[in-house]
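Residues per chain, in single letters:
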Amino acid sequence: MSGKDVKEILEKGLFRGEIKFDEPMAAHTSLKIGGPVEIMVFPEDPVSLKNVLLAAGKEKIPVFIIGAGTNLLAGDRKIKGIAISLKAFGNIELTRETNDKNVGLFVEAGAPLGNLLNFAKKEGYSGIEAFAGIPGFFGGAVSMNAGSFGAEIKDVLVSVAVMNMDGEIIILERDKLRFSYRSSNLPDDLIILSANIVLRKDSPEDVTKRIKKFLRKKRLTQPLGEPSAGCVFKNPVGIDSYREGDAAGRLIDAAGCKGMRVGDVEVSTVHANYFINKGRAACKDFIRLMNAVKAKVKRYCGVTLEPEIRIIGKN
Ligand SMILES: Cc1cc2nc3c(=O)[nH]c(=O)nc-3n(C[C@H](O)[C@H](O)[C@H](O)COP(=O)(O)OP(=O)(O)OC[C@H]3O[C@@H](n4cnc5c(N)ncnc54)[C@H](O)[C@@H]3O)c2cc1C
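Residues numbered from 1 in each chain as written. Predicted model: local features only at pLDDT ≥ 70, side-chain atom pairs only at ≥ 80, totals over all residues. Heavy atoms only, no water.

*Asks:* Tell me what's going on with helix α7 (residues 283-301), and back it up with residues and numbers.
*Replies:* The first and last C-alpha atoms of α7 sit 27 Å apart over 19 residues, in line with the 27 Å expected at 1.5 Å per residue. Burial in α7 covers these residues: C283, D285, F286, I287, L289, M290, V293 and V297. Phi for G302, located one or two positions after α7, is positive at around 80°. (Helix = DSSP H or I, 4+ residues; strand = E, 2+ residues; numbered from the N terminus. Expected span 1.5 Å × (residues − 1). Buried < 20%, exposed > 50% of the residue type's maximum accessible area, 1.4 Å probe, protein only.)

Okay, structure coming up:
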C-alpha cells in the first residue's frame with residue numbers, strides 16, 4: 001500500500017485537512033531530529049480523524065499521534081505509517097461546571113499549553129501557573145501527565161474524551177484514570193481529543209504574578225532557548241524532587257556527564273537532564289549519548305535511569 005492509495009481512500013471518504021508525504025519529523029520536533037514519515041495527516045474534525053483511523057485499520061497501516069513534538073525523539077530513517085497531528089483541534093471554552101468559586105474549561109488536544117496559560121492569566125483562573133514555560137500541546141501534556149514544581153496536569157482534570165481505533169468517542173471520568181510521574185494508564189491506541197479541567201477563580205494580577213515567578217525559576221535553571229526535548233530521563237523512583245527532572249539531572253551532573261557529547265548532541269551544561277542539538281544532530285547519536293550517560297550514572301550510584309522522552313521510528 002502506497003501513500004497515494006491512502007490519499008485516494010481518504011479522498012473517497014470524508015477527509016478535511018492536509019495530507020503530507022515523506023514529511024521530515026525534524027520539522028515537527030523541538031529537537032529538530034527525525035527522518036521522513038511516510039504519511040502525515042492534519043485532520044480538521046473528528047469525522048476526518050475517524051476516517052483516517054478506519055482507512056489505516058483496514059490496510060493494517062500503523063498510526064501514531066504527535067503533539068507539538070516537544071518530548072519526542074524521532075528515528076533518522078524513514079518512519080513507516082501515518083503520523084496524526086491534531087493541531088487543528090485548538091479550542092478552549094467555558095463549561096457548565098463554572099460556579100462562584102470554580103471555572104470549568106473544555107480544552108482540545110491541539111491547544112498549545114501556552115494558549116491555555118494565557119487564557120487563565122487574562123481571566124484570572126488559578127491552578128496551572130506552575131506549567132508556565134512547558135511547551136507542547138494540551139493533549140501531549142495529558143498523555144505525559146506533564147508538570148512542574150510539584151504540580152501535574154492530573155491535578156486539574158475532570159474527564160478526558162478519547163477516540164479509539166474504530167473511531168468511537170469515549171468519555172473517561174477522572175476516577176477511571178490513573179496517572180503517575182510523567183505517564184498515565186491511557187493505552188497507546190486511544191487518541192486524546194479533549195479534556196475538561198477545573199480551575200479556581202482568582203485575580204488576573206495574582207495569577208500573572210505566579211506565572212512570572214515560575215517562568216523566572218525555569219529560565220534560571222533550564223536551557224529553554226536551545227533545541228531539546230526537555231528532560232531526557234525520569235526522576236528515579238524514590239528520589240524526591242520538587243523540580244522537573246531535578247533529581248535525575250543532579251545524578252547526571254554528579255556522575256560527571258555535563259558537557260558530554262556524541263556527534264552534535266550535548267548534555268546541557270545548564271541542566272544535565274537536557275540534551276541539546278548543537279547543529280545537525282542525529283537520533284543515533286542521541287541514543288548513544290543516552291546509553292553513555294545511563295552507564296556512567298549506573299557506575300556512579302547504582303541507579304538505572306529510565307527515559308522520559310518517547311522514541312518513535314528507528315535510528
Ligand atoms: C524546553 C522544554 C522544557 C520542558 N519542560 C517540561 C516540564 O517542565 N515539565 C514537563 O512535564 N515536560 C516538559 N517538557 C516536555 C514536554 O514539553 C511535555 O512532555 C509536553 O507535555 C509534551 O507535549 P507535546 O504536545 O509536545 O507532545 P509530543 O512530544 O508530541 O508527544 C509526547 C507523547 O504524547 C503522545 N500524544 C501527544 N498528543 C496526544 C494525543 N492527543 N492523544 C494521545 N497521545 C498523544 C505522543 O504520541 C507521545 O507519545 C519540556 C520540553 C522542552 C523542549
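*Asks:* Help me get a handle on the packing of aromatic side chains, residues and values and all.
*Replies:* Inspection of every chain in the model, using the stated rule, returns four aromatic pairs. Considering the side-chain rings of F119 and Y125, the 6.1 Å spacing of their centres and the 55° angle between planes classify their relative orientation as tilted. With relative accessibility at 8%, the residue Y125 sits in the buried group. Measuring from ring centre to ring centre gives 5.3 Å for F275 and F286, while their planes differ by 45°; the resulting arrangement is tilted. Of this pair, F275 sits in strand β18 (residues 275-277) while F286 sits in helix α7; the two residues are 11 residues apart in sequence, bridging distant segments of the chain. Accessibility classification places F275 together with F286 in one group, the buried group. Three or more aromatic residues joined by ring pairs form one cluster here, namely F233, F275 and F286. The aromatic ring of F214 is capped on one face by K213, whose charged end is 4.8 Å from the ring centroid. (Phe/Tyr/Trp six-rings, centres within 6.5 Å; stacked < 30°, edge-to-face > 60°. Lys NZ or Arg CZ within 6 Å of the ring centre and 35° of its normal.)

*Asks:* Any chance you could break down the site of the ligand for me, citing the residues and the numbers?
*Replies:* Contacts to the ligand come from 35 residues, most closely from I65, G67, T70, G147 and K218. G67 is positioned with one of its backbone polar atoms (N or O) 2.7 Å from an oxygen atom of the ligand. In the environment of the ligand, a nitrogen atom lies 2.9 Å from a nitrogen or oxygen atom belonging to the backbone of I192. Protein contacts shield 94% of the accessible area of the ligand, which totals 970 Å² for the unbound molecule. Sorting the residues of the shell around the ligand by element identifies β3 (63-66), α4 (138-144), β9 (147-148) and β15 (191-201) as the ones contributing at least two each. Here the element with the most residues in the shell around the ligand is α4; it accounts for five residues. (Near = heavy atom within 4 Å. Polar contact = N/O pair within 3.5 Å; in protein donor to acceptor, adjacent residues only side chain to side chain. Areas by Shrake-Rupley, 256 points an atom, 1.4 Å probe, with all protein chains shown as cover.)

*Asks:* Summarise the sheet that holds β18; cite the residues concerned and give the values.
*Replies:* Spatially, β16-β17-β18 is the arrangement adopted by the three strands of the open sheet, whose pairing is antiparallel. Sheet topology places β16 (261-262) and β18 at the edges, where each strand pairs with a single neighbour. Each of β16, β17 (265-267) and β18 touches α7; the most contacted strand, β17, lies at about 25° to it. (Pairing = 2+ DSSP bridges. Contact = heavy atoms within 4.5 Å. Axes fitted to C-alpha atoms, helices over the stretch in contact; angles between N-to-C directions.)

*Asks:* Which residues make up the pattern of salt bridges, and what values do they have?
*Replies:* Enumeration over the complete set of coordinates arrives at 19 salt bridges. Between K154 and D155 there is a salt bridge, with the nearest N and O atoms lying 3.1 Å from each other. Given the relative accessible area of 22%, K154 is considered partly exposed. The closest approach of N and O atoms between E308 and R182, which form a salt bridge, is 3.9 Å. Of this pair, E308 sits in the loop between α7 and β19 (310-312) while R182 sits in the loop between β13 (179-180) and β14 (183-184), and the two are 126 residues apart along the sequence. (Salt bridge = Lys/Arg side-chain N within 4 Å of Asp/Glu carboxyl O.)

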